[in-house]
Amino acid sequence: MSAYILKRLLSIIPVLFGLSIIVFLVMSMIPGDPAIAILGSYATPENVERINRDLGLDKPLVQQYFIWIGNVVQGDFGRSFALNRPVLDEVLERFRATLILAGVALVLCSVMGLIAGVISAVRQFGWADKAITFVVLAGISMPSFWLGLILILLFAVRWRLLPASGMYAIYGGGDLKDLLLHLILPASTLAVVAAGVIARLTRAAMLEVLRQDFVRTARAKGLPERQVIYRHAFRAALVGVIPVIGIQAGFVLGGAVYIETVFQWPGIGAMLVKAISTRDILLVQGGVLIVASSHVLFNLAADVVQTMLDPRIRA
Amino acid sequence: MTVATSSGPTPAGSRNQVSAWRLLLNNRLAAVGLVLLSLLVLVALLAPLLPLPDPDATAPAERLQPVLSQGHLLGTDQLGRDILSRLTWGSRVSMAVGFAATLVAAAIGSTIGLVSGYAGGRTDNLMMRGVDMLMAFPYILLALAIVAALGPGLMNALYAIAIVNIPFFARNVRGVTLGLSHAEFVDAARLSGKGHLSIITTEVLPNVLPVIVITMSTTAGWMILETAGLSFLGLGAQPPQADLGSMLGEGRAQLFTAPQVSIVPGVMIFLIVISLNVLGDGIRDVLDPRLRSGALLRPGPRTEVHSDRAQPANGFPSAVLNVEGLETGFVRNGHYSSAVKAVSLHLHPGECLGLIGESGSGKSVTALSIMGLVNSPPGVIRNGGIYLHGDDVHSMPDTRLISCRGSRVAYIFQDPLTTLHPMHTIGRQVEEAISAHQRLDRRALQERSVALLERVGIRDARERAKHYPHQLSGGQRQRVGIAMALANDPDVIVADEPTTALDVTVQAQILGLLKELRRERGMALLFITHDFGVVAEICDRVAVMKDGVVVETGPTQELLADPQHDYTKRLIACVPEIGRGSDFLARVRSVFDAGNKP
């Protein structure tokens, strides 16, 4: 098992390198001169040249990449010129907030999606199935940022139950309870789409598994229906759904961009949107690389969990 | 993938397309989606002709008018612009960009998939690695990075969304193309001297088209959502141009004072996307029936019994199991057709009855009907009574029937690889069979399960119990199946072709084991097989089934010596005997010719 995990860990190294190349290439496509963006009205030819030299932008592209990645490997992501602080410090601080939000959302959507999917399959064509199918369809068809706005209007403005924005209350907050209160709305909003996708797949997987021979064996043994469904069918269906949850991690991480903007959550998504508009290239580069790498790790984790659940792959 | 191969080398004919349309319209939800979407598209197309105020005309005096105000059906925004007009024009932009992005992604992605799947080998490997790399990015993040590089703007958002969706097309199309690139008709085209480009466009592409359409219909909704998202963040449409996303984004500032400014465009996005999604699901169901979500029906805990079944009286009160006039059938597309008809069988205590017939003769359906294990839907027990110690099984309430399964009547199934749960250890599966009917503590349960496994001839049972089915040989797996059947000392064991999936020597061992166990425990055995050799070996009596009907029944020796029915004669003639192999076919032919005479 540990050998397998080690092998998988090693196998993501080339993927991470590939990611860094894509991120670098995309960023180098940026038209215009970053030096001018930095200098603004101080952009005299001499100053531009000096900045370009400082940033290594006068060197060929390949060399620039290796200088950048060499520094990145050592933990130096460069400095954000707009914030005037090291990119890594800013990115890690923001990423922590995003991980809290996305992590809670991922747990939420997995639990909701699995439960809804199983109920939907077990009560196929019943009213519960129809209701779930409709909610799921609506959930995957609405813009998450719009749903967020509606939830703010209802829960924060109209009923005054929950805070509308931010991660902690400005005055007197800061404890776990405060954090959880602030998490409820954004995490639920973020979870809706992914939960819908997971529910759909769980339903399909359950219906498929319920027809299989080993389920009939479980019935022939005289097991009560509840055990047939949860211990036998669900167990087998789960193995197929786990990788989908891994993929959903990517949608949740990406979707966090909108949710963080709507709820003013101090995460990496909101940071990226701002960095893009100020053309803070190194910050964008570093942020995208960190989020993409963590997505790769999420998928790896999903694979490992799947392997642990399925003895056939484990062998 | 069957879409492509089943439709053959030529594109689907127009007749097929007509029926596909009808199928699509028969799906009520998809039809609603189609109508709604057509309506929305029509309104967007006709926007310049509709009597709407100028969407960009500001009127500071009339800012933030509520919904249903004079002259502004949906009110006005923060600059006094008419929301209804802006909504119509904004939908036009959003849909245009979304559909354009879908087309771009489909064109580029499908090309990559076609080339990759057709070329195979190193080209395929390289291209798919690149696609995987794109997919390693969280979906929206890559679009953000691309917009960051190209700069905010509607066209750039379009490119970004298209690029992000390329992998979905590339992967799906490549999968199908890979299968097609070795199909006979492609080889034939190659041999006829056609060039690669011509083969791809005239032979492969038409067969891949359904997959492209499915992928388009399932991703178009996403793309509209994502375009709106980028605009919402201020990275898509730039003022004064507006799409639905940017309207929503700009209206956010007035969320608390005039929520309709941001909520209304969201409703519009929702309507467009949901109509696209239900339509997409419908298209997928029509073009690839295998994926149809509703095609798989959930089988219930017991076979459905028809409400007015004929229930003949129990003719053999002394029998442990008596099947009287059983008729079981299947309902497909609303039509019922029977699989077995008027089947009557009985088993005395300790007796072994062979049920023999070719595949499809209804043996298994008969066997599964006994304890209501035929999957339902589609299975229905139409007629008949099944008496277990004189009690009709199908009059029992669920809990009682379930408690009889495994304890009074136990089953051994044909293929133990698919009939054992792949993710539970065999020890646990045997324990479960015991604990379903007996209250034992953990330790006793374990001991009993190991003892059972030992009894059926599994060596090192204590160690073996920790193994999973895939780690055992076929013979060992079947022994586990037998151990589970024995777990509660049932009165009847129904063995449904228990030796068919095994090789001959293992088959003999399993038969020996069953014989021995029957003698030792005195249980009745209903033994289903297609092999008269096996019947002669183990059964006291035998019933011959053909086309869902029992054609002949009698004591094994009598029936073997003097078969009455032509079909029985043929079955017996088919058993090869050692030393009489020469001219086997010639001998058999005479029986078959006789049987086929009109």
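Residues numbered from 1 in each chain as written. Chains lettered and ligands numbered in written order. Predicted model: local features only at pLDDT ≥ 70, side-chain atom pairs only at ≥ 80, totals over all residues. Heavy atoms only, no water.

J.: Explain the overall build of chain A residue by residue, including any values.
T.: Scanning chain A from terminus to terminus reveals 13 helices and 2 strands. Here the C-alpha coordinates of chain A stretch approximately 85 × 55 × 35 Å along the principal axes. Within chain A, buried positions represent 53% of all 315 residues. When contacts within chain A are restricted to residue pairs at least 6 apart in sequence, those whose partners lie at least 24 apart make up 72%. (Helix = DSSP H or I, 4+ residues; strand = E, 2+ residues; numbered from the N terminus. Buried < 20%, exposed > 50% of the residue type's maximum accessible area, 1.4 Å probe, protein only. Contact = heavy atoms within 4.5 Å.)

J.: Tell me about the overall build of chain B, and name the residues and values.
T.: When you go through chain B residue by residue, the secondary structure sums to 23 helices and 11 strands. The C-alpha atoms of chain B give a radius of gyration of 34 Å, which is well past the 25 Å a tight globule of 598 residues would have. In chain B, buried positions account for 52% of the 598 residues. Here the analysis covers contacts within chain B between residues at least 6 apart in sequence; of these, 69% occur between residues at least 24 apart. Element-wise, carbon and sulfur atoms account for 58% of the exposed surface of chain B, whose accessible area totals about 26200 Å². Once the 51 positive and 51 negative side-chain charges of chain B are each reduced to a mean point, those two points are 2 Å apart. (Rg over C-alpha atoms; globule rule 2.2 N^0.38 Å. Areas by Shrake-Rupley, 256 points an atom, 1.4 Å probe, with all protein chains shown as cover. Lys, Arg positive; Asp, Glu negative; His and termini not counted. Charge placed at Lys NZ, Arg CZ, Asp CG, Glu CD.)

J.: Any chance you could break down the interface of chain B and chain A for me, citing the residues and the numbers?
T.: The interface of chain B with chain A comprises 76 residues on the first partner and 79 residues on the second. Of the roughly 6900 Å² buried between chain B and chain A, counting both surfaces, carbon and sulfur atoms make up 71%. The largest share of the area that chain B buries against chain A comes from Arg298, Met423 and Glu432 of chain B, three residues that together contribute 11% of it. The interface formed by chain B and chain A includes 4 salt bridges. In this structure, Arg298 of chain B engages Glu225 of chain A in a salt bridge whose closest nitrogen and oxygen atoms are separated by 3.1 Å. Between the two partners, chain B and chain A, sit 21 residue pairs in polar contact (both at pLDDT 80 or more). Residue assignment for the side of chain B that touches chain A shows that the elements contributing at least two residues are helix H5 (121-136), helix H6 (139-150), helix H9 (196-232), helix H11 (260-287), helix H14 (416-419) and helix H15 (426-435) of chain B. For the side of chain B that touches chain A, the class distribution of residues is 52 nonpolar, 17 polar and 7 charged. (Buried area = accessible area lost by both parts, 1.4 Å probe. Salt bridge = Lys/Arg side-chain N within 4 Å of Asp/Glu carboxyl O. Polar contact = N/O pair within 3.5 Å; in protein donor to acceptor, adjacent residues only side chain to side chain. Nonpolar A, V, L, I, M, F, W, Y, C, P; charged D, E, K, R; others polar.)

J.: Can you explain the environment of Gly153 of chain B? Please cite residues and give values.
T.: All names here are of chain B. In this structure, Gly153 sits in the loop between H6 and helix H7 (154-180). Given the relative accessible area of 13%, Gly153 is considered buried. With sequence-adjacent residues up to four places away left out, Gly153 is seen in contact with Leu235, Gly236 and Gln238.

J.: Which residues make up the sheet that holds strand S4 (residues 352-356) of chain B, and what are the values?
T.: Across a sheet, paired strands are connected by hydrogen bonds in the backbone, their directions being either parallel or antiparallel. All names here are of chain B. Overall, mixed pairing links the 6 strands, which are arranged S7-S8-S9-S4-S10-S11 in an open sheet. At either end of the open sheet lies a strand with only one pairing partner, and these are strand S7 (409-412) and strand S11 (549-555). The sheet shows a mean angle of 15 degrees between the axes of neighbouring strands, direction not considered. Of the strand pairs in this sheet, S7 and strand S8 (residues 492-496) are connected by 4 bridges, and their pairing is parallel. From the neighbouring strand, Tyr411 faces S8, where its bridge partner is Val494. Running over the sheet, helix H18 (residues 474-486) touches S7 and S8 and is turned about 175 degrees from S7. (Pairing = 2+ DSSP bridges. Axes fitted to C-alpha atoms, helices over the stretch in contact; angles between N-to-C directions.)

J.: Tell me about H11 of chain B, residues and numbers included.
T.: Every α-helix winds through 3.6 residues per turn, so residues three or four apart in the chain are directed the same way. Here H11 of chain B spans 40 Å end to end across 28 residues, near enough to the 40 Å set by a 1.5 Å rise per residue. Counted residue by residue, H11 of chain B has 25 buried out of 28 residues, so it is predominantly covered. (Expected span 1.5 Å × (residues − 1).)

J.: Any details on the pairing of strand S3 (residues 335-347) of chain B? Residues and values, ideally.
T.: Residue and element names in this part refer to chain B. Sheet topology note: the strand S2 (residues 321-332)/S3 ladder contains 9 bridges and is antiparallel. In the sheet register, Phe330 faces S3, and the bridge partner there is Ser337. The hairpin formed by S2 and S3 contains 2 residues between the paired strands, and Asn333 there has a positive phi angle of roughly 50 degrees.

J.: Lay out the state of the cysteines in plain terms, naming residues and giving numbers.
T.: A full pass over the atoms with the stated rule returns 0 disulfides over all chains. The closest cysteine sulfur to the non-disulfide-bonded Cys539 of chain B is located on Cys352 of chain B, 3.6 Å from its own sulfur. (Disulfide = S-S within 2.5 Å.)

J.: Could you give an account of the packing of aromatic side chains, with specific residues and numbers?
T.: Scanning the model with the defined rule gives 10 aromatic pairs over all chains in all. Pairing Tyr65 of chain A with Trp68 of chain A gives two aromatic rings, centres 6.3 Å apart and planes at 55 degrees, and the pair type is tilted. Here Trp68 of chain A and Tyr65 of chain A lie together in helix H4 (residues 61-73), a separation of 3 residues that amounts to about one turn. Neither residue differs from the other here; Tyr65 of chain A and Trp68 of chain A are each classed as buried. Plain terms: the ring middles of Phe251 of chain A and Trp222 of chain B are 5.4 Å apart, the flat faces sit at 50 degrees to each other, and that makes the pair tilted. (Phe/Tyr/Trp six-rings, centres within 6.5 Å; stacked < 30°, edge-to-face > 60°.)

J.: So what's going on with the pairing of strand S9 (residues 524-529) of chain B? Residues and values would help.
T.: All names here are of chain B. For S9, a buried count of 6 out of 6 residues is recorded, marking the element as mostly surrounded by other parts of the structure. The two faces of S9 match: Ala524, Leu526 and Ile528 on one face and Leu525, Phe527 and Thr529 on the other face are all buried. Direction of pairing for S4 relative to S9: parallel, over a ladder of 5 bridges. Looking across to S9, one finds that Leu355 is bridged to Ile528.

J.: Help me get a handle on the domain arrangement of chain B, residues and values and all.
T.: Assigned domains of chain B: these are domain 1 (40-292) and domain 2 (304-530 + 539-553). Between domain 1 of chain B and domain 2 of chain B, the C-alpha centre-to-centre distance is 54 Å. (Domains from an automatic or database assignment.)

J.: Go over the UniProt feature "transmembrane region" (unreviewed entry) in chain A, please, and point to the residues and values.
T.: Feature annotation in UniProt assigns "transmembrane region" (unreviewed entry) to the following positions: residues 12-30, 99-122, 134-159, 179-201, 236-259 and 281-302 of chain A. Taken end to end, residues 134-159 of chain A is 88% helix and 0% strand, and its two terminal C-alpha atoms sit 26 Å from one another. (UniProt positions renumbered as here; feature names shortened; annotations may be inferred.)

J.: So what's going on with the packing of helix H7 (residues 144-158) of chain A against helix H10 (residues 225-262) of chain A? Which residues, and what values?
T.: Residue and element names in this part refer to chain A. At a closest axis distance of 9 Å, the pairing of H7 and H10 adopts a crossing angle of 30 degrees. Classified by the angle their axes make, H7 and H10 are roughly parallel. The element H7 and its partner H10 pack so that their crossing is right-handed. Each of Ser144, Phe145, Gly148, Leu149 and Ile152 in H7 lies in contact with H10, whose residues at this interface are Tyr258, Ile259 and Val262. (Parallel < 35°, antiparallel > 145°, perpendicular 65-115°, else oblique. Left-handed = near helix turned anticlockwise from the far one by under 90°.)

J.: I'd like to hear about the side chain of Glu497 of chain B, residue by residue, with values.
T.: Residue and element names in this part refer to chain B. Mapped onto the elements of the fold, Glu497 is located in the loop between S8 and helix H19 (504-521). Note on Glu497: relative accessible area 8%, which makes it buried. Those residues in contact with Glu497 that lie beyond four places of it in its chain are Lys363, Gln414, Ile528, Thr529 and His530.

J.: Can you explain the pattern of salt bridges? Please cite residues and give values.
T.: Residue and element names in this part refer to chain B. Following the criterion strictly, the structure yields 37 salt bridges over all chains and no others. Residue Arg521 is joined to Asp489 by a salt bridge in which the shortest nitrogen-to-oxygen separation is 3.0 Å. Remark: Asp489 occurs in the loop between H18 and S8 and Arg521 occurs in helix H19; sequence separation between them is 32 residues. What makes Arg521 partly exposed here is its relative accessible area of 28%. You can call Asp489 partly exposed: its relative accessible area is 44%. The network of salt bridges with common partners includes Asp56, Asp77, Arg81, Arg86 and Glu250.

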